[in-house]
Amino acid sequence: MVSSEIILETQGLRKEFLGFAAVQDVNLKVRRGSVHALIGPNGAGKTTVFNLLTRFVQPTAGSIRFNDVDITRESPVQVARRGMVRSFQISATFPHLTVLENVRVALQRKMVNSYHFWEHESRLDCLNERAMQLLESVDLRDFASRVTVELPYGRKRALEIATTLALDPEMLLLDEPTSGLGHEDIGRISGLIRNAARDRTVLMVEHNLSVVADLSQTITVLTRGRILAEGDYAAVSTNPEVVEAYMGTGHA
């Protein structure tokens, strides 16, 4: 069992695109069991860092360690199997499956043979109980039989969290989980993130500073691909460089 206080660490992480450095010398440490936020203006490199961490993009230089294992050259599938799972900025669900079926698809990954799409639906009924538990945890139990395309946007984001939790991640990476949501939905999704964080680590990119202040123990501020500042919300929000580079840009 891994007992290190740091669950995820990068050293000298750098990514260049045609000579342009989108991420430069990022040294990040995420504490186990914490909610850690990445913030910064548009173009700061936040999503590129997420892509690097989850191995959708290869770094130009630097290293990434998860649970003290070097994952720098591993594939996204290998990283997910290690327990670090990412949700995407745009809701990624199967629109023409029901809400329950979406969660069952995610749960199939744990089965000996995860590719059961051609088998009769009744063969997957063993997953229904756990799927319903997950739907209840994100307040979607009453929507189980609804076709996903019919859900309001905020409910689709909740479903995305349920399908991510179905993979039983040790660390959850959330890319702008409240993007495009109304006030009521923001409160609902924030509550779901808080519940999810009770027994796992969460790293999130988030523009809504009220959500960041409410949920995060540690905040890393990126600008122009570099770490500008790090600390809790009280320290970061009063840092003059952060105020100039981030909060003064109108992207809060």
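In what follows, the structure referred to is the one given above.
1. Describing the sheet that holds strand β7 (residues 84-87)
A sheet is described by the order of its strands in space; here six strands give the open sequence β7-β8-β9-β4-β10-β11, paired in mixed fashion. The strands lining the two open edges of the sheet, one partner per strand, are β7 and β11 (226-231). If you compare each strand with its neighbour and ignore which way they point, the axes differ by 20 degrees on average. In terms of strand pairing, strand β10 (residues 218-223) meets β11 through five bridges, oriented antiparallel. Looking across to β11, one finds that I219 is bridged to G231.

2. Structural notes on the pairing of β10
Consecutive side chains of a regular strand alternate in pointing toward one face of the sheet and then the other. Across the six residues of β10, six count as buried, placing the element largely inside the fold. In β10, alternate side chains face the same way, and those of T218, T220 and L222 on one face and I219, V221 and T223 on the other are all buried. With four bridges joining them, strand β4 (residues 35-39) and β10 adopt parallel strand pairing. Following the sheet pairing, H36 is matched in β10 by T218.

3. Side note on helix α3 (residues 99-107)
Burial runs high along α3: eight of the nine residues are buried. Listed as buried for α3 are V99, L100, N102, V103, R104, V105, A106 and L107. If you follow the buried residues of α3, they end up packed against α4 (128-137) and α5 (153-165).

4. A few points about unusual backbone geometry
Positive phi, close to 65 degrees, is recorded for D68, a residue that is not glycine. Tracing the chain through its elements places D68 in the loop between β5 (61-66) and β6 (69-70). At E176, a residue that is not glycine, the phi angle is positive and equals roughly 50 degrees. Assignment of secondary structure puts E176 in the loop between β8 (171-175) and α6 (183-196).

5. Overview of the environment of T201
Mapped onto the fold, T201 is located in strand β9 (residues 201-205). Sequence spacing of T201 and R32 is 169 residues, and the spatial spacing of their C-alpha atoms is 5.7 Å. With near-sequence residues (within four places) excluded, T201 lies in contact with I7, V30, R31, R32, G33, S34, E170, M171 and L172. Of note is the side chain of T201, whose polar atom sits 2.8 Å from the backbone nitrogen of G33.

6. Looking at helix α1 (residues 46-53)
Summarising burial for α1: seven of the eight residues are buried, a large majority. Within the sequence span of α1, burial applies to K46, T48, V49, F50, N51, L52 and L53. Where α1 terminates, the next one or two residues include R55, which has phi positive at roughly 70 degrees.

7. Some details on the pairing of strand β1 (residues 6-17)
The pairing of β1 with strand β3 (residues 29-31) spans three bridges and is antiparallel. Its bridge partner lying in β3, E9 is registered against K29. Bridge analysis of β1 against β5 gives five bridges, and the strand direction is antiparallel. Each residue of the ladder has a partner; that of T10, found in β5, is I64. The pairing of β1 with strand β2 (residues 20-26) spans four bridges and is classified as antiparallel. Paired with L13 across the bridge in β2 is V26. In this structure, the hairpin formed by β1 and β2 is closed by a connection of two residues, where L18 is found at a positive phi of approximately 50 degrees.

8. A closer look at the pattern of salt bridges
Considering all chains together, one arrives at 13 salt bridges under this definition. Note that D139 and R155 form a salt bridge whose closest N and O atoms lie 3.5 Å from each other. A residue pair is termed long-range when its members are at least 10 positions apart, and D139 in the loop between α4 and α5 and R155 in helix α5 qualify at 16 residues. The exposure class of R155 is buried, given its relative accessible area of 14%. The salt bridge partner of R200 is D199, with a shortest N-O separation of 3.1 Å. A relative accessible area of 11% places R200 in the buried class. Accessibility expressed as a relative area gives 60% for D199, which makes it exposed. Connected via shared salt-bridge partners are E184, D185 and R188.

The rules behind the values
- Residues numbered from 1 in each chain as written.
- Predicted model: local features only at pLDDT ≥ 70, side-chain atom pairs only at ≥ 80, totals over all residues.
- Heavy atoms only, no water.
- Pairing = 2+ DSSP bridges.
- Helix = DSSP H or I, 4+ residues; strand = E, 2+ residues; numbered from the N terminus.
- Axes fitted to C-alpha atoms, helices over the stretch in contact; angles between N-to-C directions.
- Buried < 20%, exposed > 50% of the residue type's maximum accessible area, 1.4 Å probe, protein only.
- Contact = heavy atoms within 4.5 Å.
- Polar contact = N/O pair within 3.5 Å; in protein donor to acceptor, adjacent residues only side chain to side chain.
- Salt bridge = Lys/Arg side-chain N within 4 Å of Asp/Glu carboxyl O.

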